[in-house]
Amino acid sequence: MRLAMLTGPGRFEIEEVDRPVPAPDEVLVRVAACGVCSSELAAFAGDGDDYPRFIGHEVSGTVAEVGPDVTGLAAGDPVGCWVTSHGFAEYVTVKAAYCVPAGGVPLDEALAEPLACAVNAVEETGVRLGDDVVLIGAGFMGNLVQSLVALRGARQLIVADTRPDALARAAALGATRVVDVRSESLVDVVAAATEGRGADITFEATGGQAALDVVGQTTRMSGKVVLVGFHQGEARRINLAHWNWMAFGIVNAHYRDVGVIMRGMEVGMRLLTAGHLSLAPLVSHRFPLERIGEAFEAARTKPDGFVKAVVTM
């Protein structure tokens with residue numbers, strides 16, 4: 001089978017390797033697609049010297065073989081999976097417990113793992129009926145959070161970004177108001193929309209310092225600040241004195257507990273298979289395995305219309 005190996009900064013090689021054999025509690029999945037996650041861009045750019053690396057964790061596909069201890073899954077079942085590596089390959093072994101049914105959802109849209117991140121962020125935050133919500137960042141994760149918040153019945157959902165195409169997409173997804181922060185003050189827009197009170201909840205979904213600089217100005221006293229963005233690498237700063245004075249509830253939406261991840265995957269895929277949520281408008285770029293480098297380059301540069309890249313087999 002073919003397997004993509006990251007051999008150095010910006011460089012993938014496709015290897016021919018033996019197909020893996022599932023352990024007793026695992027299944028062998030024939031990979032249909034694997035999403036490119038922003039958390040993997042640092043490895044692609046060259047954040048260390050520990051190459052080669054076998055990245056890829058947002059897997060969807062079809063069960064090809066089951067281990068002897070596996071129940072509830074059979075060959076031919078479509079699934080969304082969570083793996084920790086080796087996802088950019090034609091086949092991957094996965095613990096059966098880390099697979100969720102994909103039903104009739106197109107497999108290149110059955111990205112259960114990133115969906116779980118958004119589900120867990122919204123669930124942990126506890127968005128209530130009638131809340132005023134601000135979302136900073138209208139990329140893939142921001143779009144997922146926006147769609148899930150809409151299911152909770154927020155009164156207002158104000159979405160901010162710097163890219164016109166991203167703002168147009170947020171508007172199409174039902175944002176109450178979109179704000180291009182290059183030309184408008186998000187703080188002023190939120191103040192006007194909430195009679196000066198501020199948002200009940202602000203989701204930060206950019207992973208950048210600029211969003212952290214403003215979330216404390218858009219959120220009301222005792223409101224919630226939710227960190228959805230991937231904040232690794234260079235140190236970030238917050239105005240802790242202000243955040244402390246304002247008594248913000250802070251939700252770190254990066255979960256490492258496997259049970260929490262699986263709960264999010266199960267809830268997300270139930271919504272997806274029931275038709276309450278769709279990734280169809282969000283999976284914007286598809287690349288075959290031999291063009292995996294182009295998929296990562298698109299995720300890095302975000303050309304017009306880019307939302308999410310997947311590598312298909």
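Provided above is the structure to which this section pertains.
Residues numbered from 1 in each chain as written. Predicted model: local features only at pLDDT ≥ 70, side-chain atom pairs only at ≥ 80, totals over all residues. Heavy atoms only, no water.

**Re the overall build of the protein chain**
To keep it simple, the criterion reads: In this text, helices come from DSSP runs of H or I with a minimum length of four residues, and strands from runs of E with a minimum of two, each type numbered from the N-terminal end. The globule rule used here is 2.2 Å times the number of residues to the 0.38 power, and the radius of gyration it is set against is calculated over C-alpha atoms. The buried label goes to any residue with under 20% of its type's maximum accessible area, the exposed label to any with over 50%, and the partly exposed label to all in between, with areas taken from a 1.4 Å probe on protein chains only. Note that accessible areas follow from Shrake-Rupley with a 1.4 Å probe, and for residues the cover is restricted to the protein chains shown. Charged residues are defined narrowly, with Lys and Arg counted positive, Asp and Glu counted negative, and His plus the chain ends left uncounted. Lys charges are placed at NZ, Arg charges at CZ, Asp charges at CG and Glu charges at CD.
Helices and strands together make up the secondary structure of the protein chain, namely 9 helices and 15 strands. Taken over C-alpha atoms, the radius of gyration comes to 20 Å for the protein chain, in line with the 20 Å a tight globule of 313 residues would show. Expressed as lengths along the three principal axes of its C-alpha atoms, the size of the protein chain is roughly 60 × 40 × 35 Å. Residues classed as buried in the protein chain amount to 52% of the 313 residues present. If you sum the accessible surface of the protein chain, you get close to 13,600 Å²; carbon and sulfur atoms cover 52% of it. With 26 positive and 38 negative side-chain charges, the protein chain shows a spacing of 5 Å between the two charge centroids.

**A few points about the packing of aromatic side chains**
In this description, an aromatic ring pair is defined by two values, namely the gap between the centres and the angle between the planes. Just so we agree on the cut-off: When the centres of two rings from Phe, Tyr and Trp lie within 6.5 Å, Trp using its six-membered ring, the rings pair. Their planes under 30 degrees apart give stacked, over 60 give edge-to-face, and anything left gives tilted. Any Lys NZ or Arg CZ that is within 6 Å of a ring centre and within 35 degrees of that ring's normal is treated as a charge sitting over the ring.
For the structure on display, the rule yields 6 aromatic pairs. Ring plane angle 75° and centroid distance 6.1 Å describe the contact between Trp243 and Phe248, whose orientation is recorded as edge-to-face. As far as the burial class goes, Trp243 and Phe248 line up, both buried. Taken together, the ring pairs in this structure connect Phe12, Phe44, Phe88 and Phe296 into an aromatic cluster. The ring of Tyr91 has Arg19 sitting right over it, with the charged end atom 4.1 Å from the ring centre.

**So, the nonpolar core**
Selection criterion: Among the buried residues, those of types Ala, Val, Leu, Ile, Met, Phe, Trp, Tyr and Cys that are joined through side-chain atoms within 4.5 Å form a nonpolar core. In this analysis, two residues are considered to be in contact whenever any of their non-hydrogen atoms come within 4.5 Å of each other.
If you look at the biggest cluster of nonpolar residues, it comprises 50 residues, and the most contacted ones within it are Val145, Val149, Phe203, Val228 and Met265. Elements with a contribution of two residues or more to this core: helix H2 (112–125), strand S8 (132–136), helix H3 (140–151), strand S9 (156–161), helix H4 (164–172), strand S11 (199–204) and helix H8 (258–273). Ignoring any residue separated from it by four or fewer positions in sequence, one finds Phe203 in contact with Ala121, Val122, Thr125, Val127, Val133, Val134, Leu135, Ile136, Val145, Val149, Val226 and Val228.

**Quick look at the packing of helix H5 (residues 186–193) against helix H6 (residues 209–218)**
The cut-off we apply is this: Orientation is described by axes fitted as lines to C-alpha atoms, over the contacting stretch for helices, and by angles from 0 to 180 degrees between their N-to-C directions. Here the word oblique covers every angle except those under 35 degrees (roughly parallel), over 145 (roughly antiparallel) and from 65 to 115 (roughly perpendicular). Crossing handedness is defined as follows: a turn of the near helix away from the far one that is anticlockwise and smaller than a right angle gives a left-handed crossing, while the clockwise case is right-handed. Any residue that is not Ala, Val, Leu, Ile, Met, Phe, Trp, Tyr, Cys, Pro, Asp, Glu, Lys or Arg is counted as polar, Gly included; the first ten are nonpolar and the last four charged.
The N-to-C vectors of H5 and H6 enclose an angle of 20°; their axes lie 9 Å apart at closest approach. Taken together, H5 and H6 sit at an angle that is classed as roughly parallel. Two packed elements cross with a definite hand, and for H5 against H6 that hand is right-handed. Residues Leu186, Val187 and Val190 of H5 form the contact with H6, whose participating residues are Val214, Gln217 and Thr218. Looking at the contact of H5 with H6 residue by residue, the classes come out as 4 nonpolar, 2 polar and no charged.

**Quick look at unusual backbone geometry**
In the segment running from Tyr51 into Pro52, the intervening peptide bond is cis, with an omega of 5°. Here Pro52 shows up in the loop between helix H1 (41–45) and strand S4 (58–66). Located in the positive-phi region is Ser222, a residue other than glycine, with phi close to 65°. Within the element layout of this structure, Ser222 appears in strand S12 (residues 219–227). For Ala247, which is not glycine, the phi dihedral falls at a positive 55°. Structurally, the position occupied by Ala247 is in the loop between helix H7 (240–245) and strand S13 (249–252).

**Considering the pairing of strand S5 (residues 78–82)**
Put simply, the rule is: Between any two strands, pairing holds if DSSP finds at least two bridges.
Of all 5 residues in S5, 4 are buried, a share of seventy percent or more. Where S4 meets S5, 5 bridges bridge the pair, whose relative direction is antiparallel. Note that in S5 the partner of Thr62 across the bridge is Pro78. Sheet analysis places S5 next to strand S7 (residues 99–101), joined by 3 bridges and oriented antiparallel. Counted as the bridge partner of Val79 is Pro101 from S7.

Interpretation in functional terms is not warranted from these geometric data alone.
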